[in-house]
Amino acid sequence: MAKRRVAVLGGGVGAMSAAWALTSQPGARDDYDIHVYQVGWRLGGKGASGRNPLQGQRIEEHGLHIWSGFYDNAFRVMREVFDELRDEPNTYRSVDEAFFKDNNIVLGERTPEGWVRWIVQPAMKDDEPGVGEDDLSPWGYFLKLAALMRDTLDRLDPDHATGTGHASTLALGDLGDDLLRGLAGVGQALGEAPLHLMQALAGLLSGAGRADEGRAGPLARLARGVQEDIRARRARFSDGDGVEDALRRVFQLLDLGGAALRGMVEDRVLWRGFDAIDGEEISHWLEKHGAEPGSVDGALIVAVYDYAFGFRGGMTTEQARAIAAGTFLRGTLRLMLTYKGSIFYKMRGGMGDTIFTPLYKALRKRGVHFHFFHRVRGLHLDPGARAVDSITIERQVTTKGDYRPFVTVKGIDCWPSEPLWDQIEEAGALLGTAAAAGTGDEAGGRLGAADLESSWTAWKGVETRTLRRGEDFDEVILGIPVGALPDIAGDLIGASPAWRRMVSRVQTTATQAMQLWLREPTEGLGWGHGPSILTAYQDALNTWADMSHLVPAEAWPAEDEPRSIAYFCGPLADPPKVPDYSDTGYPGRARDEVKAEAMTWLRENMGFIFPRLLKDDGSFDDGLLVAAGAATPEARWEAQYFRANVEPTERYVLSVPGSTTARLRADRSGFSNLWLAGDWTYTGINAGCVESAVMSGMRAAAGLAGVTPRIVGEEEDPIPGGNGQNEPQSTAPVLKTYRPQNSPWPWSAVYGMAETTGPCVTLSMPRDAVARMLPQGLALAPQMVTGPGGHPVILLFGRQRDVRPNVVPRGWTSYLEFICAVPFVMHTDARLGRMPPMIWPQKLYLDSDPPIALGVYGYGFPKEKARIDCDDSSYVVTDRRTGREIISCAWTSKGDKARAFAFPKFAAVRPAYEMAMVTKRPLTGWQYSVYDFSLDSALLESLAMEVRIGDNGFGLPPGLHRPPSIAEASLGGFFLTADGTINNPFQSRDIRQHLLDMAP
């Protein structure tokens, strides 16, 4: 029987895990002929590292790579790999050789007096990751969290162990007779401490009892009792000045835990799984279930955002927070409650040396073939669009025989930071291209614009190859990250609605990193807490790790050997428009910007970490840096290592709300011979990390081999979304199922996206005047927002940023847009009058032509160009021909930003912002559309506003209005920050029918 030829595209964790799992199948050598196609000279993807021979063979990483103690699948794979390399020279051969435990975590906590350190040292354990299993079901996490909170309160407050000290309003009778009998006296033994009762009750609900959602009521009452009890006990410890830091932090943890327990019950996570709440953003979800704002904005939550780079577009603002609630909750509970040995493990070398050298060697021993310098350019389908039929690959260089990828440093085979030139025929031409572009340097690599790993490379390759199904491959494992799929998988995206949904919803962010080599040890620079990992600190380089343990793994001249090494990382904001790939200087410019901003950051923030790295005048002492051959402090700074991870393959995969069900399972690509591998697929984690990529690779291999995988943390046959509904939560009358991104195919394929910000207010205008603003065929509908003589009108003084079709991964355009809209309108035609109330956009003024054309001809919006002047406290719209002022607004802030539900007055007007829009086009008649402000995750800021309505020409009575703030009244001013989407204009007929179907 002929071997099945398998093409593995990419060499990251997912792809290599798939190759490992496939070759672990019985008889794999006889069944499979596996070929790995890898761009450039090294494996690793985002985990690739290199050794710089010009700087002491130092380790240069993409960022900070630290493994977690819950990485059961990843550690299990590496144990298997190391076991096969027991006699292999020049490599790590066991987990103990390759890793060491590290539990010394420090959180940065911002206080009115400045930053303070919160030392967190989770207990070391005796077990080992990758060995044994645990209950990773929602019930398992629920019981572990409840037990942790119970034990914490027992230690903190001896009265809690006996249920005394607080008269809870919870009555045992609330639990129901059947459950009271099951508790069999537990309540009497423990008093009425809700956490004890909850632990006992949840423990009783096993097997069939856990499957019965009817048990949610008693548990929900207990969960609210837990929160009440925690707050009462906190009050007992408080004096007039509050509680001391240690107690405050414990109660912050208990407050978050109480909200998590309550939310898991009330939102049926225990029965429907974590995916059921992945339509909501975690901060909103926690506050909705009773967490205090100070806890949600505290260091514990910020640390997880930083850990997961959990911000849209790399913008580290509160409104850019974007982690799905279920993914956040499961991942955090997994991290904190199920780690083995230590919460974190550091590698003793670079990730390339520690992980990808052993994987490469072990896979080679198993007969896997590696083809370096092969860039995938496209996957193409057969005529029936059912299978991958061919793969276009660019061969980048000609190697002199089989490429030998390693350099040996301190007895370990390592990946170099550049190709090994003596093995490449075109070495001179490549370096010449880089020199001509003038973009390379010693610290960032001599290739610069000719970087073989870059999409912006000026190097064109030496040959285009076409791999054909039946000749070169039978099966394909796609291990290239989701950020690059629009470039190489256009055929698949065009043929499959699921693929279009995936590439539009599963978002990524650029990241940045800095590595410093220093002449003094960390304690000598002023850090007094031992080798540490610091996070939740000042953006953008919000995470630092002491990596001084790597000094012995590098090969510095004695006179230049550093005494400490510091790694920093954080998100990197995207530019307004990412340049085309023809702009070969873009990656270099991005790296230079990271370097320049890093110096500013160090001057302003390094005093908290290394105060002695700053001079008396507050400037950075670059004389303490280490760099071989650098004659001046400035040269030493230039020789440090900086990265701007802007490549589509380097961008970090996010877990934004509503994206979970858009992820494809690794074994369900929709094409018969294609399997997926990477942390962008649907796994038991659904977040960017090594463990998720390994799980994906394992499932891809199992699907290809036709076997059932054993993956810790996953069911045998997981279903994206589980038993719940993975849709954003909202209130009527929003068209929840007809939000653009949640509409059925084909409408979910292409829609518009933008970040909408600006002052907003709902004013009461004379009803007769507003009625005259409507076109024939529309009338004012009944409403209860204003009195009978008035009618609400919405004014939004907006700024639209990052406006683009969803199929474009990054920003397209930005512009200013004023909107006057009339909510609560209805058709006068009896056939259409049964639709729910809608909103009529009366006038929109913009300062840019392209969106005007799209709005007028695509949606029928009454858009017009005007001059708009805007700063951080005023907004003026003037007629661009006459110069007359049409409308203006001035404002000042009256409070902090918070989510919509934190403003009770807003609830009365919120439906006006969530209605379908109706417009009228001259030729085609009524047009319907939905603009979704995502108000569940949007931020509002209370404003004092002054609105001056001039000679507007669209029906509003001129005058001056000084509305109250939204905190004081429903018809109040606020600053809106929202991620908006608008449907495809061709969806109008579909929305019309849906509105008719909603009629009673």
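Residues numbered from 1 in each chain as written. Predicted model: local features only at pLDDT ≥ 70, side-chain atom pairs only at ≥ 80, totals over all residues. Heavy atoms only, no water.

Quick notes on the pattern of salt bridges
Counted according to the given criterion, the structure contains 60 salt bridges. Where Arg 51 meets Asp 353, a salt bridge forms, and the shortest distance between an N and an O atom there is 2.8 Å. Pair noted here: Arg 51 is in strand β3 (residues 49-52) and Asp 353 is in helix α18 (residues 351-365), with a separation of 302 residues, a long-range link. In this pair, the class of Arg 51 matches that of Asp 353, namely buried. Salt-bridge contacts for Asp 134 lead to Lys 144; the nearest nitrogen and oxygen are separated by 3.3 Å. Residue Asp 134 is found in the loop between β8 (114-120) and α5 (138-156), and its partner Lys 144 is found in helix α5; the two are separated by 10 residues along the sequence. Of the residues examined, Asp 134 reaches a relative accessible area of 36% and is grouped as partly exposed. (Salt bridge = Lys/Arg side-chain N within 4 Å of Asp/Glu carboxyl O. Helix = DSSP H or I, 4+ residues; strand = E, 2+ residues; numbered from the N terminus. Buried < 20%, exposed > 50% of the residue type's maximum accessible area, 1.4 Å probe, protein only.)

Overview of the packing of α5 against helix α17 (residues 325-337)
Interaxial distance between α5 and α17 falls to 11 Å at its minimum, and their mutual angle equals 55°. In terms of their interaxial angle, α5 and α17 are classed as oblique. When the axes of α5 and α17 are compared, the crossing they make is left-handed. On α17, the residues touching Tyr 141, Lys 144, Leu 145 and Leu 148 of α5 are Arg 330, Leu 333, Arg 334 and Leu 337. (Axes fitted to C-alpha atoms, helices over the stretch in contact; angles between N-to-C directions. Parallel < 35°, antiparallel > 145°, perpendicular 65-115°, else oblique. Left-handed = near helix turned anticlockwise from the far one by under 90°. Contact = heavy atoms within 4.5 Å.)

Some words on the pairing of strand β1 (residues 4-9)
Look at any regular strand and the pattern is simple: side chains alternate between the two faces of the sheet. Bridge analysis of β1 against strand β2 (residues 32-37) gives six bridges, and the strand direction is parallel. Counted as the bridge partner of Leu 9 is Tyr 37 from β2. Of the strand pairs in this sheet, β1 and strand β16 (residues 475-478) are connected by four bridges, and their pairing is parallel. For Leu 9, the partnering residue across the bridge sits in β16 and is Leu 478. (Pairing = 2+ DSSP bridges.)

Some points on the sheet that holds strand β6 (residues 99-102)
Read from one edge to the other, the open sheet built from three strands follows the order β5-β9-β6, with strand pairing classed as antiparallel. Unpaired on one side and paired on the other, β5 (67-68) and β6 mark the two borders of the sheet. As paired strands, β6 and strand β9 (residues 344-347) are joined by four bridges and run antiparallel to one another. Bridge pairing in β9 links Phe 100 to Lys 346.

Focus on α17
Every α-helix carries 3.6 residues per turn, so stepping three or four residues along brings you back to the same face. Taking 1.5 Å per residue, 13 residues should reach 18 Å; α17 reaches 18 Å between its end C-alpha atoms and fits that length. Counting buried positions over the 13 residues of α17 gives 11, a clear majority of the element. Ala 325, Gly 326, Thr 327, Phe 328, Leu 329, Arg 330, Thr 332, Leu 333, Arg 334, Leu 335 and Leu 337 are the residues of α17 that are buried. (Expected span 1.5 Å × (residues − 1).)

Looking at the environment of Ala 627
Considering the arrangement of structural elements, one finds Ala 627 in the loop between α23 (586-605) and α24 (633-638). On the basis of relative accessible area, Ala 627 is assigned to the buried category, the value being 2%. C-alpha of Ala 627 to C-alpha of Asp 560: the two residues are 67 residues apart in sequence and 6.9 Å apart in space. For Ala 627, the contacting residues outside a window of four places in its chain are Gln 55, Trp 556, Asp 560, Arg 636, Ala 639 and Gln 640.

A few points about the packing of aromatic side chains
Scanning the entire structure with this criterion turns up 47 aromatic pairs. Linked through ring pairs, Tyr 360, Phe 370, Phe 372, Phe 373, Tyr 403, Phe 406 and Trp 415 together constitute an aromatic cluster. Taking NZ or CZ as reference, Arg 117 lies 4.3 Å from the ring centre of Phe 608, over its face. Taking NZ or CZ as reference, Lys 920 lies 4.7 Å from the ring centre of Trp 926, over its face. (Phe/Tyr/Trp six-rings, centres within 6.5 Å; stacked < 30°, edge-to-face > 60°. Lys NZ or Arg CZ within 6 Å of the ring centre and 35° of its normal.)

Brief notes about the nonpolar core
With 109 residues, the main nonpolar core has Met 16, Trp 67, Phe 99, Ile 355, Phe 356, Phe 370 and Ile 477 as its most contacted residues. Not counting residues up to four positions away in its chain, the partners in contact with Ile 355 are Trp 67, Met 78, Phe 99 and Met 347. If you look at the next biggest cluster of nonpolar residues, it comprises 52 residues, including Leu 136, Ala 223, Phe 274 and Leu 329. (Core = buried A, V, L, I, M, F, W, Y, C linked by side-chain atoms within 4.5 Å.)

Here's the deal with empty space enclosed by the protein
In the structure shown here, the tally under the stated rule is four cavities of 30 Å³ or more. Put simply, the largest cavity is a space of about 90 Å³. Around the largest cavity, the lining is made up of 13 residues, and of these Arg 312, Gln 319, Ser 937, Ala 938 and Asp 979 lie nearest the centre. Examining the composition of the lining of the largest cavity, we find that three residues originate from one element, strand β39 (residues 973-982), more than from any other. (1 Å grid on protein atoms, 1.4 Å probe; cavity = no way out; pocket = protein on both sides within 12 Å on 5 of 7 lines; lining within 4 Å. Points joined across faces, edges and corners; volume = space filled by probe spheres on them.)

A short note on the side chain of Asn 645
Within the fold, Asn 645 resides in strand β21 (residues 641-645). Of the polar contacts made by the side chain of Asn 645, one reaches the backbone oxygen of His 62; its length is 2.8 Å. The residues touching Asn 645, leaving out its near neighbours within four places in the chain, are His 62, Ala 510, Thr 511, Glu 650 and Arg 651. (Polar contact = N/O pair within 3.5 Å; in protein donor to acceptor, adjacent residues only side chain to side chain.)

Quick notes on the pairing of β9
Of the two faces of β9, the one carrying Phe 344 and Lys 346 and the one carrying Tyr 345 and Met 347 are both buried. The pairing of β5 with β9 spans two bridges and is antiparallel. In the sheet register, Ser 68 faces β9, and the bridge partner there is Phe 344.

Considering α18
Under the 1.5 Å per step criterion, the end-to-end length of α18 is 21 Å for 15 residues, consistent within 8% with the ideal 21 Å. By the largest-angle criterion, Thr 357 marks the main kink of α18, which is about 25°, and a proline, Pro 358, follows within four residues. For α18, the tally of buried residues reaches 13 of 15 residues, placing the bulk of the element in the interior. Following α18 by one or two positions, Gly 367 adopts a phi angle in the positive range, close to 95°. (Bend = angle between axes of the 7 residues up to and from the residue.)

Some remarks on the sheet that holds strand β12 (residues 388-395)
Read across the sheet, three strands follow the order β11-β12-β15 without closing on themselves; strand pairing throughout is antiparallel. Either end of the sheet is taken by a strand with one partner, and the two such strands are β11 (374-381) and β15 (463-468). Adjacent strand axes in the sheet meet at a mean angle of 20°, parallel and antiparallel pairs treated alike. Taken together, the seven bridges between β11 and β12 define a ladder with antiparallel strand orientation. Each bridged residue has a counterpart across the sheet, and for Leu 379 the counterpart in β12 is Ile 391.

Re the packing of helix α3 (residues 72-83) against helix α25 (residues 690-705)
Their axes nearest at 7 Å, the elements α3 and α25 cross at an angle of 70°. Relative to α25, the element α3 lies roughly perpendicular. With respect to the hand of their crossing, α3 and α25 are arranged in left-handed fashion. Each of Asp 72, Asn 73, Ala 74, Arg 76 and Val 77 in α3 lies in contact with α25, whose residues at this interface are Val 690, Glu 691, Val 694, Met 695 and Met 698. Within the contact of α3 with α25, the residues separate by chemical class into six nonpolar, one polar and three charged. (Nonpolar A, V, L, I, M, F, W, Y, C, P; charged D, E, K, R; others polar.)

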